[in-house]
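Each chain is listed here by its residues.
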Amino acid sequence: MREITLTKKIENTAFKMNADFIGIADAACFESSEYTGNKPQDVMASVRSVIILGVSVPRGAFETLPEGRAEYTNTLMAATATLRIVAFQIAKLIEKEGYRATIVPTEGSEFGYWYANRETLKANMSIKYAAYHAGLGNFGMNHLLITKDYGPRVRMTAILTNAPLEKGEKDTLLPFINEKCSKCSKCIEICPAGAISRDGKIDRQKCAQYMFNVLGGLRCGLCVKVCPQ
Ligand code: SF4
Ligand code: SF4
């Protein structure tokens, strides 16, 4: 009988524990010159694979915005809590096989500000960039990952490991920016902080200040709500 691979064991565990999707990126994708953020190699020098785990967020949490902002925030937190439990089990599974694993910080906001560097508002690595290279989706004008099955209505976490896992195929990669964004600007128009620009840039400070100062720490979510994908 063929032995089940570690990659397959990881996938089986993820789906058994209610993850909605999983992808694996080669950590070397962060060495590309197109990537300008922080790199997982600075956290784990021996990293070979980045495992991305995701859950979809119930549509009701978006449809009730902005009145249901507290409920939206709590729903995101619940998604994050689910992902943490799945990721912890997978990290333990990887270590039982003799490798090392650590879980990338993730929490319930659109852009991960709570664990980010206070000045740049950038995290230790971009989970979305790894997810793109794992073939899970591409980027929207709202700077979120537009997944194939759930649009931007997802929460994700990642695991760094030195295990040599089977990666997503390079030739399945989508265009970097979602094609449908060229005919849509709903996220730009709805943003109450004016943080998203038509030239494709995002002002993270404006978005974070809106959520920290105006909403008192509750999450905004409007650029996700209006996205038709
Ligand atoms: S402030 Fe703008 S960019 Fe930030 S979550 Fe809200 S709509 Fe999105
Ligand atoms: S709202 Fe429109 S422009 Fe913004 S990410 Fe979604 S499809 Fe793209």
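The name an unreviewed UniProt entry gives the protein chain is 4Fe-4S ferredoxin, with Methanosarcina spelaei as the organism.

*Asks:* Before we move on, can you summarise the overall build of the protein chain with the specific residues and values?
*Replies:* On a plain count of helices and strands, the protein chain comes out with 7 helices and 6 strands. Counting from the amino terminus, helix and strand elements in the protein chain follow one another as α-β-β-α-α-β-α-β-β-β-α-α-α. Computed over its C-alpha atoms, the radius of gyration of the protein chain comes to 17 Å, within 12% of the 17 Å expected for a compact globule of 229 residues. If you line up the protein chain on its principal axes, its C-alpha atoms span 55 × 35 × 30 Å. Counting across all 229 residues of the protein chain, residues that qualify as buried make up 50%. For the protein chain, the share of sequence-separated contacts (at least 6 apart) that also reach a separation of at least 24 residues comes to 76%.

*Asks:* Explain the sheet that holds strand 1 (residues 21-26) to me, using residue names and the numbers behind them.
*Replies:* Taken together, the 4 strands give an open sheet; going across it, the order is 1-2-6-3, and neighbouring strands pair in antiparallel fashion. Only two strands of the sheet have a single neighbouring strand rather than two, namely strand 1 and strand 3 (101-103). With direction set aside, neighbouring strand axes in the sheet form an average angle of 25°. With 3 bridges connecting them, strand 3 and strand 6 (residues 154-161) associate as antiparallel partners. For Thr102, the partnering residue across the bridge sits in strand 6 and is Leu160.

*Asks:* Give a description of the nonpolar core that names residues and reports values.
*Replies:* If you look at the biggest cluster of nonpolar residues, it comprises 25 residues, and the most contacted ones within it are Phe30, Val50, Ile52, Met125 and Met156. For this core, the secondary structure elements donating two or more residues are strand 1, strand 2 (49-56), helix 4 (127-133) and strand 6. Looking at this core, the element that brings in the most residues is helix 4, giving 5 residues. If you look at the next biggest cluster of nonpolar residues, it comprises 23 residues, including Phe62, Cys181, Ile202 and Leu215.

*Asks:* Let's hear about the pairing of strand 6: which residues, and what values?
*Replies:* Among the 8 residues that make up strand 6, 8 are buried, leaving the element largely enclosed by the rest of the structure. Of the two faces of strand 6, the one holding Val154, Met156, Ala158 and Leu160 and the one holding Arg155, Thr157, Ile159 and Thr161 are both buried throughout. Across 8 bridges, the pairing between strand 2 and strand 6 is antiparallel. The residue of strand 6 that forms the bridge with Ser49 is Thr161.

*Asks:* Would you mind going over the site of ligand 2 in detail, with residue names and values included?
*Replies:* Every residue close to ligand 2 is listed here: Gly140, Met141, Asn142, Cys181, Cys184, Lys186, Cys187, Cys227, Pro228 and Gln229. A breakdown of the residues in the shell around ligand 2 according to their chemical character gives 6 nonpolar, 3 polar and 1 charged.

*Asks:* Which residues make up the packing of aromatic side chains, and what values do they have?
*Replies:* With the rule as written, the count across this model stands at 9 aromatic pairs. For the pair Phe30 and Tyr35, a centre-to-centre distance of 4.9 Å together with 90° between the ring planes defines the contact as edge-to-face. An identical accessibility class is assigned to Phe30 and Tyr35; each is buried. Pairwise contacts between aromatic rings join Phe30, Tyr35, Tyr129, Tyr132, Phe139 and Phe176 into one cluster.

*Asks:* How would you sum up the side chain of Thr157? Please name residues and give values.
*Replies:* Within the secondary structure, Thr157 sits in strand 6. Within polar-contact distance, the side chain of Thr157 engages the backbone oxygen of Val104 at 3.4 Å. Here Thr157 is in contact with Ile51, Ile52, Leu53, Leu83, Ala87, Ile103, Val104, Thr106 and Ile127, once residues within four sequence places are set aside.

*Asks:* For helix 3 (residues 69-96), give the residues involved together with the corresponding values.
*Replies:* Over its 28 residues, helix 3 extends 41 Å from the first C-alpha to the last, a length consistent with the 40 Å expected when each residue adds 1.5 Å. Directly beyond the C-terminal end of helix 3, a positive phi value near 95° is found at Gly98.

*Asks:* Which residues make up the pairing of strand 1, and what values do they have?
*Replies:* Of all 6 residues in strand 1, 5 are buried, a share of seventy percent or more. Two strands pair when backbone bridges link them, and strand 1 and strand 2 are joined in this way by 6 bridges, in the antiparallel orientation. In the sheet register, Phe21 faces strand 2, and the bridge partner there is Gly54.

*Asks:* An account of unusual backbone geometry is requested, with residue identities and associated values reported.
*Replies:* Put simply, Leu65 and Pro66 share a cis peptide bond, and its omega is 5°. Inspection of the secondary structure puts Pro66 in the loop between helix 2 (60-63) and helix 3. One non-glycine residue, His143, adopts positive backbone phi at about 65°. Among the secondary structure elements, His143 is positioned in the loop between strand 4 (137-139) and strand 5 (145-147). In this structure His143 comes out as partly exposed when scored by relative accessible area, which is 22%.

Thresholds, definitions, all that
Residues numbered from 1 in each chain as written. Chains lettered and ligands numbered in written order. Predicted model: local features only at pLDDT ≥ 70, side-chain atom pairs only at ≥ 80, totals over all residues. Heavy atoms only, no water. Helix = DSSP H or I, 4+ residues; strand = E, 2+ residues; numbered from the N terminus. Rg over C-alpha atoms; globule rule 2.2 N^0.38 Å. Buried < 20%, exposed > 50% of the residue type's maximum accessible area, 1.4 Å probe, protein only. Contact = heavy atoms within 4.5 Å. Pairing = 2+ DSSP bridges. Axes fitted to C-alpha atoms, helices over the stretch in contact; angles between N-to-C directions. Core = buried A, V, L, I, M, F, W, Y, C linked by side-chain atoms within 4.5 Å. Near = heavy atom within 4 Å. Nonpolar A, V, L, I, M, F, W, Y, C, P; charged D, E, K, R; others polar. Phe/Tyr/Trp six-rings, centres within 6.5 Å; stacked < 30°, edge-to-face > 60°. Polar contact = N/O pair within 3.5 Å; in protein donor to acceptor, adjacent residues only side chain to side chain. Expected span 1.5 Å × (residues − 1).

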